[in-house]
Structure formats: structure tokens, C-alpha cells
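The primary structure of each chain is shown beneath.
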Amino acid sequence: MTATLPRAGAVPVASVKRRGRAPGLLAVLPLLVFTAIAFGLPALAMLNGAFTVKHQASGAASYSLANMTASLRGPYLTALLGSVKLSAVSAAIAATVGLPLAQAVVTSRFRALREAVLTASGVLANFGGVPLAFAFVATLGNAGVLTRHLGLAEAGWDLYSFWGLVIVYLYFLIPLMVLTITPALEGLRSQWREAAHNNGATALQYWVHVALPVLAPSLLGGFVLLFGSAFAAYATAAAMVGSSVPLVTLQIADALSGNVLVGQENVALALSLDMVLVAGLVMAVYLPLQRRSARWLA
């Protein structure tokens, strides 16, 4: 056998790849610099503050776990658990309601209806904050339009409670679930349904034994995404319930502003680090589920 020698003047393939990669790295460099400044510096400041304790008498600063320990005790722990509970309940209800709505959209014969629902979902999924709180207060608050006309106050309805906040969160979580699960529903092949029907399976059996197992990673991924969105929400809850419902985002705001205790800014940074850890755990669950669902529905 004779070895093939490179032609004179030929450029090695590896060198060509390196030359082609260089412009790409230069193009993405501004984004990397922006990310490092906008996210890296605040993250470092948060880490430094979360583990820094200032002595009130001398004013000296030292590194300690006191702030992290305080963030997992008393009202701070109650607020953290309250946020987890609110996010989990809201995400579970939104995922349960959003799946059949998305299926109705996918199987609809009216293209205009499908596009209208998806467009509205895109708008509503990003509608939150103070405007959303004002809309619900004007509609279902103590003096809201529907509260007075339907006599909800006499029936014990209270918007400024845990379940009232759940209903408000569902306003943007259900559309977000529709947007999240629609591509997965579109990935279900019609041949699977036909094969199930040809073997005598009912529609319920098809969903239980075929569709839902295939959609399980996407459903769990959607639930995790909804959980993270609800967990990080602040403005809506702050405008509606204030401190009547214990939430970690509200505790962070109170600690930073000194509304409750003075000198608890670093405890607020420790609470922020707790939220980052929870968000990191959420992403650690979400990304593998997305990759697994992509393999099934590609």
C-alpha cells in the first residue's frame, strides 16, 4: 500500500478549521463581555456579600456562614418554603390545564384560531408585574367588579391570599405551558395513533400507553420551567399581597430596604444565593429532560 502524500502548497484541514473558527469567536466576544459584566459581576458581589458578616461594634468585616444560616431559619425559611409551595402548586395546575388546551390548538382545523391562540399565549405569558396585579384587583379584589356583582365576598373569597395569588399566576403560567408543550404535541406522529387504533386501542389507551409516556419528559420539563417562572416572580406579588403571603422575593426586598430589620442586606444576598441554588437545581432537571424529549420527538 502506498501512502498518499499531501500536495505541495496544500493547507492542512485543521488550519482551515482554526481560521474559520477565529471570526466566529471575534463575533461572539461582545456577547461574552456583556454577559461577564451584566451577570458575572453581580454574581460575584452576591457571593461576597452572602458570606460577609459585619461586626456592629467595630464595623470590621469577616467571612462567615452566619448569613446563610440565618437565611434558612425563622421567617426567612418560611418565606423560602412559601415560594416553593406557591410555585409548585401553580406550575402543577398550569401544566394540567395547559396540556389539553395545547392539544385542542394542535388538532384544530381552523388555522386562524390556532394562530390567534398561540399569539395570545405569547402575549399573556409575558404579561405580569404591577399591571397584572391592578387588573385582578379591579376585577376580583374586595371592591372588584366581579366580586360585587357575583357576591364573592359573602362566599369568603379573598384575592389577597395564597390561592388568590395562585389564580393570578395561572394567568401567565397557562399560556406559557401552551407555548412550551405545543411543539412536543406537534411531534407526536400520526402513525403512532393509527397503529394503536389498528390494534384495538381506544383513545384513552393511546394517551395512557403511548402519548403520555413519550410526552413525559416534555411535560416534566414544562412543569420545571413554570416552577422557575413562578419562583422568580416578584412585582405581581409585591403589588397585590405585600407581606401577607410569605415569599422569598418579598423577604429579599424587605431586607434590602430595611423595612423590617436594619443591617440585613447581606442576609438578603444570602437569600438571593438560596434562590440561585434552587434555580440551578431546576435547570439541572430541565436540561436533561429537554434533550430526552428532543430525541423522541425529533
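Scroll up to find the structure this text is about.
As a starting point, this report considers the structure included with it. (Residues numbered from 1 in each chain as written. Predicted model: local features only at pLDDT ≥ 70, side-chain atom pairs only at ≥ 80, totals over all residues. Heavy atoms only, no water.)

**Side note on helix α7 (residues 162-186)**
Turning to step 1, where the next piece is worked out: The end-to-end C-alpha distance of α7, which contains 25 residues, comes to 35 Å, matching closely the 36 Å that a straight helix rising 1.5 Å per residue would cover.
Turning to step 2, where the next piece is worked out: At Leu170, α7 is deflected by roughly 40 degrees, the largest bend along its length.
Turning to step 3, where the next piece is worked out: Burial analysis of α7 places 18 of its 25 residues in the buried class, the great majority of the element. (Helix = DSSP H or I, 4+ residues; strand = E, 2+ residues; numbered from the N terminus. Expected span 1.5 Å × (residues − 1). Bend = angle between axes of the 7 residues up to and from the residue. Buried < 20%, exposed > 50% of the residue type's maximum accessible area, 1.4 Å probe, protein only.)

**Description of the nonpolar core**
Turning to step 1, where the next piece is worked out: If you look at the biggest cluster of nonpolar residues, it comprises 58 residues, and the most contacted ones within it are Leu165, Tyr169, Ile181, Leu185, Leu188, Leu226 and Leu247.
Turning to step 2, where the next piece is worked out: Those elements giving two or more residues to this core turn out to be α3 (74-106), α5 (129-140), α7, α9 (203-232), α10 (235-240), α11 (248-257) and α12 (265-297).
Turning to step 3, where the next piece is worked out: Of all the elements, α7 adds the most residues to this core, at 15 residues.
Turning to step 4, where the next piece is worked out: Discounting chain neighbours no more than four positions away, the residues touching Leu247 are Ala79, Gly82, Ser83, Leu86, Leu165, Tyr169 and Ala237.
Turning to step 5, where the next piece is worked out: Core analysis: the second largest hydrophobic core is formed by 5 residues, Met46, Ala50, Met68 and Leu273 among them. (Core = buried A, V, L, I, M, F, W, Y, C linked by side-chain atoms within 4.5 Å. Contact = heavy atoms within 4.5 Å.)

**As for the pattern of salt bridges**
Turning to step 1, where the next piece is worked out: With the rule as written, the count across this model stands at 2 salt bridges.
Turning to step 2, where the next piece is worked out: A salt bridge links Glu115 to Arg111; the nearest nitrogen and oxygen atoms lie 3.0 Å apart. A residue pair is termed a helical-turn pair when its members lie 3 or 4 positions apart in one helix, as Glu115 and Arg111 do in helix α4 (residues 111-124) at 4 residues.
Turning to step 3, where the next piece is worked out: For Arg114, the salt bridge is made with Glu186, and the minimal N-O distance between the two is 2.0 Å. One end of the pair, Arg114, is in helix α4; the other, Glu186, is in helix α7, with 72 residues separating them in the sequence.
Turning to step 4, where the next piece is worked out: The partly exposed category is assigned to Arg114, whose relative accessible area is 22%. (Salt bridge = Lys/Arg side-chain N within 4 Å of Asp/Glu carboxyl O.)

**Quick word on the packing of aromatic side chains**
Turning to step 1, where the next piece is worked out: Applying the stated rule across the entire model yields 6 aromatic pairs.
Turning to step 2, where the next piece is worked out: For the ring pair Tyr206 and Trp207, a centre distance of 6.0 Å and an interplane angle of 75 degrees mean the geometry is edge-to-face. In this structure, Tyr206 and Trp207 share a single accessibility class: buried.
Turning to step 3, where the next piece is worked out: Here the aromatic rings of Phe227 and Phe231 are separated by 5.8 Å at their centres, their planes lie at 10 degrees, and the arrangement is stacked. Taken together, the residues Phe227 and Phe231, both in helix α9 and 4 residues apart, mark about one turn of the helix. In terms of burial, Phe227 and Phe231 fall into one category: buried.
Turning to step 4, where the next piece is worked out: Three or more aromatic residues joined by ring pairs form one cluster here, namely Phe127, Phe136 and Tyr171. (Phe/Tyr/Trp six-rings, centres within 6.5 Å; stacked < 30°, edge-to-face > 60°.)

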